[in-house]
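Examining the three-dimensional arrangement
Each chain is listed here by its residues.
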Amino acid sequence: MSIIEVEAVSKTFYVPSVRRDTIREHVLDLFRPRQADLLPILQSVSFAVQRGETVGIVGRNGSGKSTLLKIVAGIFRPDGGRVTVLGPITPILELGLGWNPALDAIDNIFIIGSVMGLSLREIRGAIDEILAFAELERFANLKLQHYSSGMGARLAYSIAFKAVREILILDEIFAVGDASFQERCKQRYSELRAAGHTVLIVSHDPLIITGFCDRALLLERGHIIMDDSAARVCDAYNDLLHSAQPHELVPAGS
Amino acid sequence: MSTASLTYPPARSSTTHLAGLVWTLIRTDFKTRYHGTIQGFLWALLKPLTMFLVLMGVFSFIFASEPAYRLNLIIGLFLWDFFVQSTTMGLISLHVKGYLLTKAKFPAWIIVVTSISNALITLVVFFVIILVALTVSGRAPAPWAVALFFWYLILFISIVIGFSLATSVWFLRYRDLNQVWDVIIQAGFFVAPIIYPLSILPEHFHKYLYLWPPTPVIQFARAVLVTGAAPTLKAHLLLTGEAATVLFVGIAIFRRYAPRAAEYL
C-alpha cells in the first residue's frame, strides 16, 4: 500500500494581465474588460510513493515542482484529481521566509514547532539541540530581525528536522549554510532515512538526487514525463537541459 | 466548486497539542505587542484612559444634565476600544501570520481566533475597572446585572470572531480592506452612542443605529449596570440572534475561502 498516492492531479493558476489586489482597483476598473490568462501548472499528474521510499523530483524552473509539493503537503488545493496521504507530513518549503521578527529564536522555535505538531514539552526538551544543530546558541535571545538570511534558514531546517513525523517533504534542501552545516543536514537526513521515514525531495543537484533517492520523477511543463531510477532520470534531465539551452539561453558573446 | 478529492490523516489535534499551540500564539502575541512586560501592557492602557479623560473633560459639560454621563461614557468607550482593537487585529491576522500556513497543515482558524487575545486581556481589565467605577460611585451592580453584562460580552466576542473570520480571508484578496475598515471605524464611533446619549436622537433613528453591533451591546450594558433596568426579553433574543448570525456567516465565509488562503499570501 502506498503512503502517498496522487492521481490525475491538475492545477491551473488564474493570472490576470492586470492584477487587482485592492477594492479601489476593483471599483475604479469596474467597467473595464478584464483579461486573464489561465496558466496550467500541473496537468493530470499521477504517481505513488511507497512507505519508507525516497523519491526525487527534478525539472526545469517553472515545471511545477514546488506547486506539486505544496499540493501533496495539503497547503495548496488542486483543481481536480485525487490526493491520498496516509501519514502525517512535515513540509520544509520556502525556508527563511516566515518568522515573527520581533521575537527571539526561542520564541520562534515555540511558534513554528507547535504549528508543526510538537507539544510544548517536546519543544522545551529540544530547544538546546535545535540551537546547537543550527550553531546559533550564542544568538538564542537575539530577535530574528537581526538575523542574517543564512542564520534564519539554518534555524528553519533545524526546527523542521526535529519536528519530522512520518513523511518529509523537502524543497531545494541543502541549499543553505556553509559546508559543515550542509554536512550535518545530510547526516541527519541519512538518519531519518534509515529510521524508515518516507521522503519527497525537489532538487536541481543531480548528486543529491542520485545520492539519496531510490527513484525520481522528471517533471516538464506540468507533466510527469519520466518515472524511473534516480540515475536514469538525472541523465534524462541533463539531456533536457542541454537540448533546451540553445533556444532559451544564448551565452554572452556568441 | 473544486472536484478534487483529498484524503489526509486526521491532524494531530490532540487537545494538549492544540492547547500548546493556542497558548504559544497568545503568549507570543502578548510579548510582541507589549514587549513582554506588565509595564508595556500598562503603557498600552494609557491610550483608552487618556481618550476617556479628554472626552469626559469636554463632553461632561455639554451633557451636564445627563445623569451618570461619566459612567455611561466609560462603559461605551471601553467596549468600543475592545471592538476596534480586536477587529483590527483579526482582519490582518492571516496576513501577518500567513507564513505559518506554509509550515504545516493545521486548522487556520486558530490563528484568527487567537489574534483577538490581546484585546480580550484588555477587556478583562476594563471589566474590572468598570465594576470598580460603578462601586465607587455608589451604584455597585447586583449579581444578575453583572451576569447579564458578562453575557453581552460573550455575544460581543462572538460578533468580533465572526467578523474577523470573514475579513481575515478577504484581506488576503483585497489588500486595502484594512483602510476601508479604518474609515468605517471612524464613522462607527459616532454611529454608536458613545459620547452622546442615544435619547438625543429622534426615536425612529434608533432602530438603524441598533444594526451597528456595538450599539446594542453598549446600550444593554448601560441599562443593566447604570440604570439597573434589564432590556426586554425580545431585545435579548434579537441581540443573541444577531451575534449568532454574524458568527455563523463568518464561519461560512472562512470555510469557503480558507482552503485557498495560502495561494494569496
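What this report covers is the structure whose coordinates are included nearby. Note that this is a predicted model, so its numbers are computed, not measured.

**Describing the overall build of chain B**
Along its length, chain B carries ten helices and one strand. Ordered by position from N to C terminus, the α and β elements of chain B give β-α-α-α-α-α-α-α-α-α-α. Here the C-alpha atoms of chain B give a radius of gyration of 20 Å, agreeing with the 18 Å that 2.2 N^0.38 yields for 265 residues. In terms of principal-axis extent, the alpha carbons of chain B reach across some 65 × 45 × 35 Å. When the 265 residues of chain B are sorted by exposure, 51% land in the buried category. Considering only contacts within chain B whose residues lie at least 6 apart along the sequence, 76% involve residues at least 24 apart. Here chain B displays about 12700 Å² of accessible surface, and carbon together with sulfur accounts for 71% of that area.

**A few points about the interface of chain A and chain B**
Chain A puts 49 residues into the contact, and the matching count from chain B is 38 residues. When chain A packs against chain B, the two sides together hide about 3700 Å² of surface, and 57% of this comes from carbon and sulfur. Broken down residue by residue, the surface that chain A buries against chain B is led by Ile 23, Arg 77 and Val 115 of chain A, which jointly contribute 18%. Between the two partners, chain A and chain B, sit four salt bridges. A salt bridge links Asp 107 of chain A to Lys 31 of chain B, with the nearest nitrogen and oxygen atoms 2.6 Å apart. There are 13 residue pairs in polar contact (both at pLDDT 80 or more) connecting chain A and chain B. Taken together, the elements giving at least two residues each to the side of chain A that touches chain B come down to β1 (2-16), α1 (23-28), α2 (65-72), β4 (80-85), β5 (89-92), α3 (105-115) and α4 (120-133) of chain A.

**As for the sheet that holds β1 of chain A**
Judged by pairing direction, the sheet is mixed, and its four strands sit side by side in the order β2(A)-β1(A)-β4(A)-β1(B) without closing on themselves. Among the strands making up the open sheet, the edge pair consists of β2 (36-50) of chain A together with β1 (5-7) of chain B. Ignoring strand direction, the axes of neighbouring strands in this sheet form an average angle of 20°. By the bridge criterion, five bridges tie β1 of chain A to β4 of chain A in an arrangement that is antiparallel. Bridged to Ile 4 of chain A within β4 of chain A is Val 85 of chain A.

**Points about the packing of aromatic side chains**
Taken as a whole and judged by the stated rule, the model has 25 aromatic pairs over all chains. On the numbers, 5.2 Å between centres and 90° between planes, the contact of Tyr 34 of chain B with Phe 41 of chain B is edge-to-face. Comparing Tyr 34 of chain B with Phe 41 of chain B, the two get one shared label, buried. Members of the aromatic cluster, joined through ring pairs, are Trp 80, Phe 82, Phe 83, Phe 156, Phe 163, Trp 181, Phe 189, Phe 190 and Trp 212 of chain B. Above the ring of Phe 133 of chain A, the side-chain terminus of Arg 184 of chain A is found at 5.5 Å from the ring centroid. The ring of Trp 99 of chain A carries Lys 103 of chain B above its face, with NZ or CZ at 5.7 Å from the centroid.

**Regarding the side chain of Ser 117 of chain B**
Counting through the fold element by element, Ser 117 of chain B comes out in helix α5 (residues 117-136). If sequence neighbours within four positions are ignored, Ser 117 of chain B has contacts with Ile 26 and Asp 29 of chain B.

**A closer look at α4 of chain A**
If you check α4 of chain A, its first and last C-alpha atoms are 19 Å apart, about what 14 residues at 1.5 Å a residue would give, namely 20 Å. Along α4 of chain A, the sharpest change in direction is near 50° and occurs at Ala 126 of chain A. Elements in contact with the buried residues of α4 of chain A: α3, α5 (149-163) and α6 (179-194) of chain A together with α1 (15-34) of chain B. Backbone geometry just downstream of α4 of chain A places Glu 135 of chain A in the positive-phi region, at approximately 55°.

**Describing the sheet that holds β5 of chain A**
Residues and elements named next belong to chain A. The six strands lie next to each other as β5-β6-β7-β3-β8-β9, forming an open sheet whose pairing is mixed. In the strand order of this sheet, the two ends are held by β5 and β9 (223-229), each with one partner. Here the average twist between neighbouring strands, direction ignored, is 15°. In this structure, strand β6 (residues 167-171) lies alongside strand β7 (residues 198-202), joined through five bridges in parallel fashion. In the strand pairing of β7, Leu 168 is matched with Val 199. Running over the sheet, α5 touches β5 and β6 and is turned about 165° from β5.

**Overview of the pattern of salt bridges**
Opposite charge on two side chains lets them pair, provided their charged atoms get close. Residue and element names in this part refer to chain A. Counted by the stated rule, this structure contains 18 salt bridges over all chains. With a shortest N-O distance of 2.5 Å, Arg 51 and Glu 166 are connected by a salt bridge. With Arg 51 in the loop between β2 and β3 (54-59) and Glu 166 in the loop between α5 and β6, this residue pair connects regions lying 115 residues apart in the sequence. The class of Glu 166 is partly exposed, set by a relative accessible area of 24%. In this structure, Lys 162 and Glu 129 form a salt bridge, with 3.0 Å as the shortest nitrogen-oxygen distance. Remark: Glu 129 occurs in helix α4 and Lys 162 occurs in helix α5; sequence separation between them is 33 residues.

**Side note on the pairing of strand β8 (residues 215-220) of chain A**
Residue and element names in this part refer to chain A. Here β8 lies mainly inside the structure; six of its six residues are buried. Of the two faces of β8, the one holding Arg 215, Leu 217 and Leu 219 and the one holding Ala 216, Leu 218 and Glu 220 are both buried throughout. Direction of pairing for β8 relative to β9: antiparallel, over a ladder of six bridges. In the sheet register, Arg 215 faces β9, and the bridge partner there is Ser 229. Between β8 and β9, which pair antiparallel and follow one another directly, the connecting turn spans two residues, one of which, Arg 221, has a positive phi of 50°.

**Notes on the packing of α5 of chain B against helix α6 (residues 143-173) of chain B**
Between two packed helices, both the angle of their axes relative to each other and the distance between the axes serve to describe the pair. Residues and elements named next belong to chain B. Two elements in contact, α5 and α6, have axes whose closest approach is 13 Å; the angle formed by their N-to-C orientations is 155°. Between α5 and α6, the crossing angle belongs to the class labelled roughly antiparallel. Of the two possible hands of crossing, α5 and α6 adopt the one that is right-handed. Two secondary-structure elements touch here, α5 through Leu 120, Leu 123, Phe 127, Ile 130 and Leu 131 and α6 through Val 146, Phe 149, Phe 150, Leu 153 and Ile 157. Here the residues of the contact of α5 with α6 are counted per class, giving ten nonpolar, no polar and no charged.

The rules behind these values
Residues numbered from 1 in each chain as written. Chains lettered and ligands numbered in written order. Predicted model: local features only at pLDDT ≥ 70, side-chain atom pairs only at ≥ 80, totals over all residues. Heavy atoms only, no water. Helix = DSSP H or I, 4+ residues; strand = E, 2+ residues; numbered from the N terminus. Rg over C-alpha atoms; globule rule 2.2 N^0.38 Å. Buried < 20%, exposed > 50% of the residue type's maximum accessible area, 1.4 Å probe, protein only. Contact = heavy atoms within 4.5 Å. Areas by Shrake-Rupley, 256 points an atom, 1.4 Å probe, with all protein chains shown as cover. Buried area = accessible area lost by both parts, 1.4 Å probe. Salt bridge = Lys/Arg side-chain N within 4 Å of Asp/Glu carboxyl O. Polar contact = N/O pair within 3.5 Å; in protein donor to acceptor, adjacent residues only side chain to side chain. Pairing = 2+ DSSP bridges. Axes fitted to C-alpha atoms, helices over the stretch in contact; angles between N-to-C directions. Phe/Tyr/Trp six-rings, centres within 6.5 Å; stacked < 30°, edge-to-face > 60°. Lys NZ or Arg CZ within 6 Å of the ring centre and 35° of its normal. Expected span 1.5 Å × (residues − 1). Bend = angle between axes of the 7 residues up to and from the residue. Parallel < 35°, antiparallel > 145°, perpendicular 65-115°, else oblique. Left-handed = near helix turned anticlockwise from the far one by under 90°. Nonpolar A, V, L, I, M, F, W, Y, C, P; charged D, E, K, R; others polar.

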